[in-house]
Amino acid sequence: MNDTETLVRRATEAFNSGKPDEAQRLCERGLAREPGDPVLHHLLAAVLFSRNAIAPAHAHIDVSLAKRPGNAAARLLAARIARSEGNFEVALAHIDSAIATSPQREIFVEKARTLDQAGLRAQARESWRAILKVIPGHQEAAARLGRLAWEDGDPATAASLLAQAVATSAPASVWFDLGVARQDLRDHAGAASAYRKAFELKPDHAEAALNLGIALQEGGDVDAAMRAFAQAYRLRPQLFGSIAMALTSASHGRLWLDEDELRRALAS
């Protein structure tokens with residue numbers, strides 16, 4: 001094993017061990033000796049991208065690809081960098097090149113993400129559907145398809161897909177989307193359960209607390225709703241108007257004639 005290979009191995013180990021400073025230092029030392037080494041440029045690009053140093057990461061991955069244009073892993077990283085820059089056309093070109101070289105699942109997922117972020121809804125939907133067909137338990141695909149279904153005005157399909165997405169460990173955002181879909185279906189108990197989980201996972205999620213209050217109120221539990229509204233108000237006082245409207249407009253709401261009294265009740 002030569003010196004460059006040793007540095008690559010050590011830098012990779014450092015990066016994988018959560019030591020980006022050491023990984024970057026080793027890559028830079030190697031490039032001082034071998035300025036054109038494509039593996040070191042690729043690895044340094046990955047390290048820099050992980051640290052949100054987008055422009056230098058872009059420069060290094062370009063050098064790596066100039067030397068190894070057929071390397072699928074480098075193409076995938078280049079696509080992610082381009083996507084982070086909002087350059088979706090370039091990102092998709094890198095992805096298609098990577099697929100032509102090495103059609104792996106991870107690359108198809110990256111393509112779906114890129115189409116999604118580019119606002120190409122129809123193509124993104126088909127990509128996510130293809131992924132979910134091949135990998136039935138793919139959480140991200142189910143979550144994105146559920147969100148797209150809700151945006152299309154189909155809360156029943158959305159709720160079904162999002163329930164599939166939360167069958168395994170899911171982030172607060174997916175639980176929140178499930179709550180919204182269930183709320184649209186007037187499944188107030190189911191919505192409240194989803195919002196509770198979202199709030200449990202992300203205790204600063206003011207919108208989850210607000211929507212939990214609305215779901216509880218619609219379900220007839222006004223006292224519990226007030227506690228949820230109080231949490232939302234403490235997290236984000238700017239939600240006061242939404243809370244006041246919810247309390248006075250719902251079928252199980254309370255009429256508050258004194259705004260200051262309501263603020264005191266929420267703050268207590």
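Structure: see above.
Calculation criteria
- Residues numbered from 1 in each chain as written.
- Predicted model: local features only at pLDDT ≥ 70, side-chain atom pairs only at ≥ 80, totals over all residues.
- Heavy atoms only, no water.
- Helix = DSSP H or I, 4+ residues; strand = E, 2+ residues; numbered from the N terminus.
- Rg over C-alpha atoms; globule rule 2.2 N^0.38 Å.
- Buried < 20%, exposed > 50% of the residue type's maximum accessible area, 1.4 Å probe, protein only.
- Contact = heavy atoms within 4.5 Å.
- Areas by Shrake-Rupley, 256 points an atom, 1.4 Å probe, with all protein chains shown as cover.
- Lys, Arg positive; Asp, Glu negative; His and termini not counted.
- Charge placed at Lys NZ, Arg CZ, Asp CG, Glu CD.
- Phe/Tyr/Trp six-rings, centres within 6.5 Å; stacked < 30°, edge-to-face > 60°.
- Lys NZ or Arg CZ within 6 Å of the ring centre and 35° of its normal.
- Axes fitted to C-alpha atoms, helices over the stretch in contact; angles between N-to-C directions.
- Parallel < 35°, antiparallel > 145°, perpendicular 65-115°, else oblique.
- Left-handed = near helix turned anticlockwise from the far one by under 90°.
- Nonpolar A, V, L, I, M, F, W, Y, C, P; charged D, E, K, R; others polar.
- Patch = residues over 30% accessible without salt bridge, like charges linked within 9 Å, V, L, I, M, F, W, Y side chains within 5 Å.
- Salt bridge = Lys/Arg side-chain N within 4 Å of Asp/Glu carboxyl O.
- Core = buried A, V, L, I, M, F, W, Y, C linked by side-chain atoms within 4.5 Å.

## Some words on the overall build of the protein chain
Of the regular secondary structure elements, the protein chain holds 16 helices and zero strands. Computed over the C-alpha atoms, the radius of gyration of the protein chain is 24 Å, more than 25% above the 18 Å expected from 2.2 N^0.38 for a compact globule of 268 residues. When its C-alpha atoms are laid out on the principal axes, the protein chain stretches across 75 × 40 × 30 Å. In the protein chain, buried positions account for 45% of the 268 residues. Sequence-distant contacts, at least 24 apart, represent 45% of the contacts inside the protein chain between residues at least 6 apart. Looking at the protein chain as shown, the accessible area adds up to about 13500 Å², and 51% of this sits on carbon and sulfur atoms. Of note, the protein chain has its 32 positive side-chain charges centred 3 Å away from the centre of its 33 negative side-chain charges.

## Some words on the packing of aromatic side chains
Following the criterion strictly, the structure yields two aromatic pairs and no others. A centroid spacing of 5.5 Å and a plane angle of 55° characterise the contact between Phe176 and Tyr195, whose relative ring orientation is tilted. With Phe176 in helix H11 (residues 172-184) and Tyr195 in helix H12 (residues 188-201), the pair connects residues that are 19 residues apart, well separated along the chain. One residue, Arg263, lies across the ring of Phe240, its end atom 3.8 Å from the ring centre.

## Quick word on the packing of H11 against H12
The interhelical angle for the contact between H11 and H12, taken along N-to-C directions, is 160°, at an axis separation of 8 Å. Relative to H12, the element H11 is oriented roughly antiparallel. The element H11 and its partner H12 pack so that their crossing is left-handed. Across from Ala172, Trp175, Phe176, Leu178, Gly179, Val180, Arg182 and Gln183 in H11, the residues of H12 making contact are Gly190, Ala191, Ala194, Tyr195, Lys197, Ala198 and Leu201. When grouped by side-chain class, the residues that make up the contact of H11 with H12 number 10 nonpolar, three polar and two charged.

## Focus on a positive patch on the surface
On the surface, Arg10, Arg25, Arg29 and Arg33 cluster together into a positively charged patch. Among the elements that take part in the positive patch, helix H2 (residues 20-33) stands out by supplying three residues, more than any other. Mapping Arg29 onto the fold places it in helix H2.

## Let's talk about the packing of helix H8 (residues 121-134) against helix H9 (residues 139-151)
Put simply, H8 and H9 touch, their axes get as near as 9 Å, and they point 140° apart. Considering their axes alone, H8 and H9 lie oblique with respect to each other. With respect to the hand of their crossing, H8 and H9 are arranged in left-handed fashion. In contact with Arg121, Arg125, Trp128, Arg129, Ile131 and Leu132 of H8, H9 contributes Glu140, Ala141, Ala142, Arg144, Leu145, Leu148 and Glu151. Grouping the amino acids of the contact of H8 with H9 by side-chain chemistry returns seven nonpolar, no polar and six charged.

## Topic: the pattern of salt bridges
Applying the stated criterion across every chain yields a total of 18 salt bridges. Residues Glu110 and Arg113 are paired through a salt bridge, measuring 3.5 Å at the closest nitrogen-oxygen approach. Here Glu110 and its partner Arg113 are both found in helix H7 (residues 105-117), three residues apart, which amounts to about one turn of the helix. The exposure class assigned to Glu110 is buried, which follows from its relative accessible area of 0%. Residue Asp116 pairs with Arg144 through a salt bridge whose shortest N-O separation is 2.6 Å.

## Quick look at the nonpolar core
Formed by 66 residues in total, the largest nonpolar core has its most connected members in Trp128, Phe229, Ile243 and Leu266. Tallying contributions element by element places helix H14 (residues 222-235) first for this core, with eight residues. Sequence-distant contacts of Trp128, that is, excluding residues within four places in its chain, are made with Val109, Ala112, Arg113, Asp116, Glu140, Ala141, Arg144, Leu145 and Leu148.

## Some details on the side chain of Asn211
With respect to the helices and strands, the residue Asn211 is situated in helix H13 (residues 206-218). Setting aside residues up to four positions removed in sequence, Asn211 forms contacts with Phe176, Val180, Gln183 and Tyr195.

## Brief notes about the environment of Ala230
Mapped onto the secondary structure, Ala230 falls in helix H14. In this structure Ala230 comes out as buried when scored by relative accessible area, which is 7%.

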